[in-house]
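Notes for the structure review
Take a look at the letters that make up each chain.
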Amino acid sequence: MICLLALAGCASKPAPPAWQSNAYGALAGFSDAYLKGHSAIAQAEFARARDETASTGRPELVAHAELVRCATRVASLEYDNCPAFEALAQDASAAERAYAAYLAGRWQGLDPALLPAQHRAIVGAHAAAGKSVLDGIEEPLSRLVAAGALLQAGRITPPDIVAATETASAQGWRRPLLMWLGVAAKRAEAAGDTVQLARIQRRIELASTTQAEGRAAKSR
């Protein structure tokens, strides 16, 4: 995923202005809440992040925040071509415009050198049989973002789907887990693998029920 540290500043003196740490914390809070399926919290955190960056009057900083939001959505297989980023793209860096194209699956003519380091190898990667090209990405969210970009570009493989599903599961990120389980279910159904399909559906039911019960508990 594109680095949140661009908004975090550094530890050297003098201390960075308050908006930087506020924006960083809000973006991190947005991503965490969004991936866990807490939409209202995510929306509030992102609004705070955007407000903090907008206070600088620098559109490139707001564009960066919008790109973080877009990447988090792509990790959950929610594609919208990042309209809020595109509205600010003229003020974004070439690297961020390249990353937006990567997220959207527009890989033709894309210069991998402009991408964040963990995503550069994905564009031209060809995994060995039974292996996932995602195995080389250690950071969980970056791995899911890459998986979402692969799916958007039409280059996803069965091992990639497994890797993405289990990454979301290991992190307890319900939103992308349900989406990737849905992808796996469609593949199992198309293959006529009823045993695997039933197993996937049980996982979907469990994750969905837990989410529904959590909302109900909060409303009481």
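Okay, so let's go over this structure. (Residues numbered from 1 in each chain as written. Predicted model: local features only at pLDDT ≥ 70, side-chain atom pairs only at ≥ 80, totals over all residues. Heavy atoms only, no water.)

What to know about the state of the cysteines
Let me state the cut-off plainly: Any pair of cysteine sulfurs within 2.5 Å is marked as a disulfide. For helices the rule is a DSSP run of H or I covering at least 4 residues; for strands it is a run of E covering at least 2, with both sets numbered from the N terminus onward. Exposure is judged per residue with a 1.4 Å probe applied to protein chains only, and the accessible area is read against the type maximum: over 50% gives exposed, under 20% gives buried, and values in between give partly exposed.
A complete count under the given rule lists one disulfide for this structure. Between the sulfur atoms of Cys70 and its disulfide mate Cys82 the distance is 1.7 Å. Of note, the bridge from Cys70 to Cys82 carries an S-S torsion of about -40° and is left-handed in sense. Separated by twelve residues along the polypeptide, Cys70 in helix H3 (residues 59-75) and Cys82 in the loop between H3 and helix H4 (83-86) bring together distant segments of the chain. Taken as a pair, Cys70 and Cys82 share a single burial class, namely buried.

What about the pattern of salt bridges?
Applied cut-off: Salt bridges are counted wherever a side-chain nitrogen of Lys or Arg sits within 4 Å of a carboxyl oxygen of Asp or Glu.
For the coordinates displayed, the defined rule picks out ten salt bridges. Note that Arg58 is salt-bridged to Glu60, the shortest N-O span being 2.9 Å. Across the salt bridge formed by Glu66 and Arg69, the nearest N and O atoms sit 2.8 Å from each other. Of the two residues, Glu66 and Arg69 both sit in helix H3, three residues apart, roughly one turn of that helix. What emerges from the salt-bridge pattern is a single network uniting Arg73, Glu78, Asp80 and Arg175.

Some points on the nonpolar core
Condition: Within this scheme, the nonpolar core is defined by two criteria: the residues are buried Ala, Val, Leu, Ile, Met, Phe, Trp, Tyr or Cys, and they are joined through side-chain atoms within 4.5 Å. We call two residues contacting when some pair of their heavy atoms lies within 4.5 Å.
Formed by 52 residues in total, the largest nonpolar core has its most connected members in Tyr102, Leu103, Ile122 and Trp180. Listing elements by their share of this core, those giving two or more residues are H3, helix H5 (94-103), helix H6 (117-123), helix H7 (140-153), helix H8 (158-171), helix H9 (174-190) and helix H10 (194-219). Of the residues forming this core, the biggest block, eight residues, is contributed by H9. With residues near it in sequence (within four places) discarded, Tyr102 still touches Trp107, Leu110, Leu115, His119, Ile122, Val123, Ala146 and Ala149. Core analysis: the second largest hydrophobic core is formed by ten residues, Ala26, Phe30, Ala33 and Phe46 among them.

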